[in-house]
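Each chain is listed here by its residues.
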Amino acid sequence: MEMNATYTSFVAVGDSFTEGMSDLLPDGSYRGWADLLAARLAARTPGFRYANLAVRGKLIGQIVDEQVDRTAAMRADVVTLVGGLNDTLRPKCDMGRVRGLLEEAVERLAPSCGRLVLMRSPGRNGPVMERFRPRMEELFGYVDELAARHGALVVDLYGAEVLGDQRLWDVDRLHLTTEGHRRVAEAVWQALGLEPEEDWRAPLAPAVPLAWAARRIGDLRFARQHLGPWIGRRLTGRSSGDGRPAKRPELLPYALGDDAPAAGPRS
């Protein structure tokens, strides 16, 4: 890997993790690690271009159908591909099909870009993580195989203990906070051979244990606002991304501007 290489374009492909949920901006949109990374790359390269095709809720088949060919045609210096995790969280998941579609995506993208970046996605510590851990680890093992076969980079977020810390996850327990996204941006930055600015794996300060009542209130809020709607979408075959366009569908110059996140969690 060339250190301090120059990258002139970046395309992000995937689902809600790459769209940027839950790094909320004042206008109600989401920023996220990909936008943060693009801003840093743009600051060092005049004329830098960026596209983000990721849409929340997308399964790996939808990512292949809707995002991969468009991305390949852009011929970007850097492409990030993160997908398949939504499939593993479904009650029924054909892991053979997921592996095949992920392989199809990598085979199309790797020859079309300067550097393909894959990821072992982070997971929030807790009972949900334990239930789906075997599928996730099967997926990540195949990510490693594909990267070795096609010369892609792998950013191991799953192996970073700090990214399992519940304090880096939003109240929906599915998406990273602003601080979590900031750490992911730094991880990808370093994987691209750029000068580290911090230790993104550094642990948080010791947590102050929550009282039993506070934990139960948090559990009830999560069930009412997030778990119930999520189950409803699964039962009806709907997705949070249905009908939603990508936030940056074209590879265009990235204008540095005010991208400060909104204060406080999304209600």
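Refer to the preceding data block for the structure.
Owing to the predicted nature of the structure, the values given are computational and were not obtained by experimental measurement.

J.: Describe the overall build of the chain, listing the residues and the values that go with them.
T.: Each helix and strand in the chain was counted, giving eight helices and six strands. The burial tally for the chain puts 50% of its 267 residues in the buried class. Accessible area for the chain stands at about 12,700 Å²; split by element, carbon and sulfur atoms hold 54% of it.

J.: Explain the packing of aromatic side chains to me, using residue names and the numbers behind them.
T.: Following the criterion strictly, the structure yields four aromatic pairs and no others. Between the aromatic rings of Tyr50 and Tyr254, the centroid separation amounts to 5.6 Å while the plane-to-plane angle is 65 degrees, which identifies the pairing as edge-to-face. Here Tyr50, found in strand E2 (residues 49-52), pairs with Tyr254, found in the segment after strand E6 (248-253); they are 204 residues apart in sequence, far enough to count as distant. In this pair, the class of Tyr50 matches that of Tyr254, namely buried. Connected via pairs of aromatic rings, a cluster forms that spans Phe10, Tyr50 and Tyr254. Taking the ring centre of Trp189 as reference, the NZ or CZ of Arg40 above it sits at 4.1 Å.

J.: Outline the nonpolar core, listing residues and values.
T.: Looking at soluble globular proteins, one finds that nonpolar side chains tend to be buried together. Formed by 39 residues in total, the largest nonpolar core has its most connected members in Val11, Val79, Leu81, Leu102, Leu116 and Leu118. The leading source of residues in this core is helix H6 (residues 127-150), at nine residues. One finds Ala5, Phe48, Tyr50 and Leu153 within the second-largest nonpolar core, a separate group that totals 37 residues.

J.: Give me the lowdown on the packing of helix H2 (residues 33-44) against helix H7 (residues 178-191), citing residues and values where you can.
T.: At a closest axis distance of 8 Å, the pairing of H2 and H7 adopts a crossing angle of 50 degrees. As judged from the angle between their axes, H2 and H7 are oblique. The element H2 and its partner H7 pack so that their crossing is right-handed. Contacts between H2 and H7 involve Trp33, Leu36, Leu37, Arg40, Leu41 and Arg44 from the former and His181, Arg182, Val184, Ala185, Glu186, Val188 and Trp189 from the latter. For the contact of H2 with H7, the class distribution of residues is eight nonpolar, one polar and four charged.

J.: Residues and numbers for the pairing of strand E3 (residues 78-82), please.
T.: Judged by how many residues are buried, E3 sits mostly within the fold: five of five residues are covered. Burial along E3 is two-sided: the residues Val78, Thr80 and Val82 and Val79 and Leu81 are all buried. In the sheet, strand E1 (residues 9-14) pairs with E3 via five bridges, with the strands oriented parallel. Bridging from a neighbouring strand, Ala12 pairs with Thr80 of E3. With four bridges connecting them, E3 and strand E4 (residues 115-120) associate as parallel partners. Pairing of Val79 across the sheet is with Leu116, part of E4.

J.: If you had to explain the sheet that holds E2 to someone new, which residues and values would you point to?
T.: Hydrogen bonds between backbone atoms are what pair the strands of a sheet, whose relative direction is either parallel or antiparallel. In space, the six strands of this open sheet follow the order E5-E4-E3-E1-E2-E6, with mixed pairing throughout. Two strands close off the open sheet at either side, each with one partner strand: strand E5 (153-156) and E6. When the angles between neighbouring strand axes are averaged without regard to direction, this sheet yields 15 degrees. Those strands touched by H7 are E4 and E5, and its axis lies near 145 degrees from that of E5.

J.: Which residues make up the environment of Ala152, and what are the values?
T.: Here Ala152 shows up in the loop between H6 and E5. Sequence-wise, Ala152 and Leu118 are 34 residues apart; in three dimensions their C-alpha atoms are separated by 6.8 Å.

J.: Before we move on, can you summarise the packing of helix H5 (residues 95-109) against H6 with the specific residues and values?
T.: The interhelical angle for the contact between H5 and H6, taken along N-to-C directions, is 30 degrees, at an axis separation of 10 Å. Relative to H6, the element H5 is oriented roughly parallel. The element H5 and its partner H6 pack so that their crossing is right-handed. Contact with H5, carried on its side by Met95, Val98, Arg99, Leu102, Glu103, Val106 and Glu107, involves Arg135, Glu138, Leu139, Tyr142, Val143, Leu146, Arg149 and His150 of H6 and no other residues of that element.

So, how was this worked out
- Residues numbered from 1 in each chain as written.
- Predicted model: local features only at pLDDT ≥ 70, side-chain atom pairs only at ≥ 80, totals over all residues.
- Heavy atoms only, no water.
- Helix = DSSP H or I, 4+ residues; strand = E, 2+ residues; numbered from the N terminus.
- Buried < 20%, exposed > 50% of the residue type's maximum accessible area, 1.4 Å probe, protein only.
- Areas by Shrake-Rupley, 256 points an atom, 1.4 Å probe, with all protein chains shown as cover.
- Phe/Tyr/Trp six-rings, centres within 6.5 Å; stacked < 30°, edge-to-face > 60°.
- Lys NZ or Arg CZ within 6 Å of the ring centre and 35° of its normal.
- Core = buried A, V, L, I, M, F, W, Y, C linked by side-chain atoms within 4.5 Å.
- Axes fitted to C-alpha atoms, helices over the stretch in contact; angles between N-to-C directions.
- Parallel < 35°, antiparallel > 145°, perpendicular 65-115°, else oblique.
- Left-handed = near helix turned anticlockwise from the far one by under 90°.
- Contact = heavy atoms within 4.5 Å.
- Nonpolar A, V, L, I, M, F, W, Y, C, P; charged D, E, K, R; others polar.
- Pairing = 2+ DSSP bridges.

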